[in-house]
Amino acid sequence: MISQIIKCDGCKNSGELRIGQSYSEKKVVWYKSFRCASCGQAYEVDGDDTPEELRNLLLDEEGVHSVVLMDKKKRTFSIKVLRNTLGLSMEEVKDMLAKKDEVLFEGTSTEAKFIENCLAKNGIESIIQSNSR
Ligand SMILES: [Zn+2]
């Protein structure tokens with residue numbers, strides 16, 4: 001989650017803007033929420049597909065998180081699991097196949113946790129490694 005102090009549209013005082021992602025059983029969602037302590041103005045936006053610019057902000061702030069398979073022989077099975085669970089497109093599957101052997105996925109911390117969680121439910125062990133961008 002990123003927290004930024006920005007000027008409130010309503011009263012011109014400073015308020016807190018929070019940007020982040022969270023995940024449920026089936027997907028990663030994003031949100032952007034603002035709250036002004038001075039005048040109480042607040043708004044929240046959220047959605048399914050994280051906008052590229054917002055995702056880049058998160059990657060810059062939190063670093064790139066990689067999901068690394070403990071058993072790289074399970075790679076094909078892992079991709080199959082993710083494809084079935086998440087309904088990945090062929091494009092996304094190709095991206096996954098193109099990564100280094102043990103690295104299954106690279107993305108934000110929330111996306112990585114989500115993938116790790118999906119794999120764990122199917123008995124596939126993985127760990128998350130983070131690198132600053
Ligand atoms: Zn305000």
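All residue numbers refer to positions counted from 1 along the written sequence of the respective chain. In keeping with the model being predicted, local features are shown solely for residues with a pLDDT of at least 70 and side-chain atom pairs are shown and tallied solely at 80 or more, while totals for entire chains, interfaces and linings include all residues.

A. Up close: the pairing of strand S2 (residues 14-23). Inspection of the sheet shows strand S1 (residues 2-7) paired to S2 by six bridges, in the antiparallel sense. Residue Gln-4 lies in a different strand from S2, and its bridge partner there is Leu-17. Adjacent in sequence and paired antiparallel, S1 and S2 are bridged by six residues, among which Lys-12 carries a positive phi angle near 70°. What makes two strands pair is DSSP finding at least two bridges between them. Under the DSSP-based scheme used, a helix requires at least four consecutive residues in state H or I and a strand at least two consecutive residues in state E, with every element numbered from the N terminus. With eight bridges connecting them, S2 and strand S3 (residues 28-35) associate as antiparallel partners. Note on S3: the bridge partner recorded for Gly-20 is Tyr-31. Adjacent in sequence and paired antiparallel, S2 and S3 are bridged by four residues.

B. Looking closely at helix H2 (residues 75-86). Here a helix's expected span is defined as the number of its residues, less one, multiplied by 1.5 Å. In this model, H2 (12 residues) spans 16 Å end to end at C-alpha, consistent with the 16 Å of a helix rising 1.5 Å per residue. Two residues or fewer past H2, Gly-87 is found with a positive phi of approximately 65°.

C. Seen up close, the nonpolar core. What makes a nonpolar core is a set of buried Ala, Val, Leu, Ile, Met, Phe, Trp, Tyr and Cys residues, with links drawn between C-beta atoms within 7 Å. Field definition: a residue is buried when 20 or more other C-beta atoms are found within 10 Å of its C-beta, exposed when 12 or fewer are, and partly exposed for counts in between, with C-beta atoms placed from the backbone. In terms of nonpolar packing, the biggest core is built from 13 residues, with Val-67, Leu-104, Phe-105, Ala-112, Phe-114, Ile-115 and Cys-118 touching the most fellow members. Listing elements by their share of this core, those giving two or more residues are strand S5 (64-69), strand S6 (103-107) and helix H4 (109-121). Examining the composition of this core, we find that five residues originate from one element, H4, more than from any other. Discounting residues that sit within four places of it in the chain, Cys-118 has contacts with Val-81, Leu-82 and Thr-85. Any residue pair is listed as a contact if its two C-beta atoms, each placed from the backbone, are within 7 Å.

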